[in-house]
Amino acid sequence: MSKFKVSITVVVLAAFCLLPPFSYAEEKLEKVYVGVAGLSGALAHAFIPKDSGLYEKYGLDVELIFFQGGTQAIQATLAGGVQMVVTAGPEIITSRVAGGDMTMIAGYMNTLPYSIVAAKGITKFEQLKGTKAAISKFGSTSDLAMRYALEQNKLAPGKDVTVIQLGDQNTRFAALTGGSVQSTLISPPFDITAKKLGYNVLGDMADFGLPYQHETVATTDRFLKEHPETARKFLRAFVAGIQVWMTDEKTTKQILAKRLKITDKEILDATYVAYKKLTEKNVTQI
């Protein structure tokens, strides 16, 4: 069992768990390369502290390296190209089980960031009986989320509702608008777009109460053993960035708009609110 042990520290939003930034003020900044699994609201927690100068306040010169998905980011971490990574929990676990020395050191989004959206004539889960639901692929997070949502509403996946794999969110939504499926999953703020087009959001997965390690900060066992203080500094700055998200709406929205190229105020507002809701707020010591 110890072979597959994953170390998780829940990220917290409390100033008292942070060492004062000025304690690092006279130190030479330590260069750290951090992989990020993409540009999205769920991963924005990596660049909030970057763009608000918090990494520097905690003694780090952080360079964010953006990848097309978690698999690439994890491979780069294992190879030593980046020292830490911000990505999805299941990908870290998969790597660990396969023999890699990846380990989670923080979990900051511990539920699923999906909404179940349905065709225009469907307003209740019970109306999905006899229809088709689109996911990305079998065994994926979207597969788990869809099956869980259906079961929670007394529908049997594969029997009452046919679950089919269609790929990414855009492809799935195109299938919904084209009528080949009657429901799928989308992430914020795309639910705003769906509503504007007349589609119905049947449920928010965050309200279903399913614990799920969706987004994490991770590194290798070797780096954690050799550079424990670097990891602590990064986590303190990371948490301080989340505190900015929770308390400084103006700054957070400015960064989100710039990084995610959001020009629509309604979508920007929805992105801010959605991921504020999804971010972990339980307290443990760092």
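No experiment lies behind these values; they were computed from the predicted model shown. Counting starts from 1 at the beginning of each chain's written sequence and moves along it residue by residue. Side-chain atom pairs in this predicted model are given and counted only at pLDDT of 80 or more, local residue features only at pLDDT of at least 70, and totals for whole chains, interfaces and linings cover all residues. Computation of side-chain values covers all heavy atoms of the structure but excludes hydrogens and water.

J.: Got a sec to walk through the overall build of the protein? Specific residues and values, please.
T.: From N to C terminus, the protein includes 11 helices and 10 strands. Burial classes follow relative accessibility: with a 1.4 Å probe on protein chains only, a residue under 20% of its type's maximum area counts as buried, one over 50% as exposed, and anything between as partly exposed. Taken over 286 residues, the protein has a buried fraction of 52%. By the convention used here, residues are in contact when the closest approach between their heavy atoms is within 4.5 Å. By sequence separation, contacts in the protein at least 24 residues apart represent 79% of the contacts at least 6 residues apart. Put simply, DSSP marks the helices as runs of H or I at least four residues long and the strands as runs of E at least two long, and each gets a number from the N terminus on.

J.: Could you give me a rundown of the sheet that holds strand β2 (residues 60-66), with the residues and numbers involved?
T.: In short, DSSP must find at least two bridges between two strands for them to pair. As summarised here, the arrangement of the five strands in space is β2-β1-β3-β10-β4, forming an open sheet in which the pairing is mixed. A strand with exactly one partner marks an edge of an open sheet, and here the two such strands are β2 and β4 (102-109). Each strand axis lies, on average, 25° off the axis of its neighbour in the sheet, ignoring direction. Where strand β1 (residues 30-36) meets strand β3 (residues 84-88), three bridges bridge the pair, whose relative direction is parallel. If you follow Val 34 over to β3, its bridge partner there is Met 84. Only the stretch in contact is used when fitting a helix axis, every axis being a line fitted to C-alpha atoms; angles between N-to-C directions are given from 0 to 180 degrees. Strands in contact with helix α3 (residues 70-79) are β3, β4 and β10 (215-220); relative to β3, the strand with the most contacts, it is inclined by about 155°.

J.: I'd love a proper account of the sheet that holds strand β8 (residues 183-186), names of residues and values included.
T.: The five strands are arranged β7-β6-β8-β5-β9 in an open sheet whose pairing can be described as mixed. Of all strands in the sheet, those bounded by a partner on one side alone are β7 (162-165) and β9 (200-204). Put simply, the sheet's adjacent strands are angled 30° from each other on average, direction ignored.

J.: A description of helix α4 (residues 89-97) should follow, citing residues and the corresponding values.
T.: Within the sequence span of α4, burial applies to Gly 89, Ile 92, Ser 95 and Arg 96. Burial along α4 is one-sided: seen end-on, the buried residues are contained in an arc of 125°. Contacts from the buried residues of α4 go to α3, β3, β4, β10 and α8 (221-226). Immediately downstream of α4, the backbone of Gly 99 shows phi near 110°, a positive value. Each direction from the helix axis to a C-beta atom contributes to the arc, which is the arc of those directions.

J.: How would you summarise the packing of aromatic side chains if you had to cite specific residues and measurements?
T.: Planes of paired rings set the category: under 30 degrees apart is stacked, over 60 is edge-to-face and the rest tilted, where pairs are Phe, Tyr or Trp rings (Trp by its six-membered ring) whose centres lie within 6.5 Å. Going through the model one piece at a time under the given rule, you end up with eight aromatic pairs. A ring pair is formed by Phe 173 and Phe 190, whose centres lie 4.9 Å apart and whose planes are at 70°; its orientation type is edge-to-face. Of this pair, Phe 173 sits in helix α6 (residues 169-178) while Phe 190 sits in helix α7 (residues 190-196), and the two are 17 residues apart along the sequence. Both residues of the pair, Phe 173 and Phe 190, belong to the buried class. Through pairs of rings, three or more aromatic residues link up here, namely Tyr 55, Tyr 108, Phe 234 and Phe 238.

J.: Explain the pairing of strand β5 (residues 115-118) residue by residue, including any values.
T.: Side chains of β5 alternate between two faces, with Ser 115 and Val 117 and Ile 116 and Ala 118 buried alike. As paired elements, β5 and β8 share four bridges and run antiparallel to each other. Its bridge partner lying in β8, Ile 116 is registered against Leu 185. Inspection of the sheet shows β5 paired to β9 by four bridges, in the antiparallel sense. Paired with Val 117 across the two strands is Val 201, which belongs to β9.

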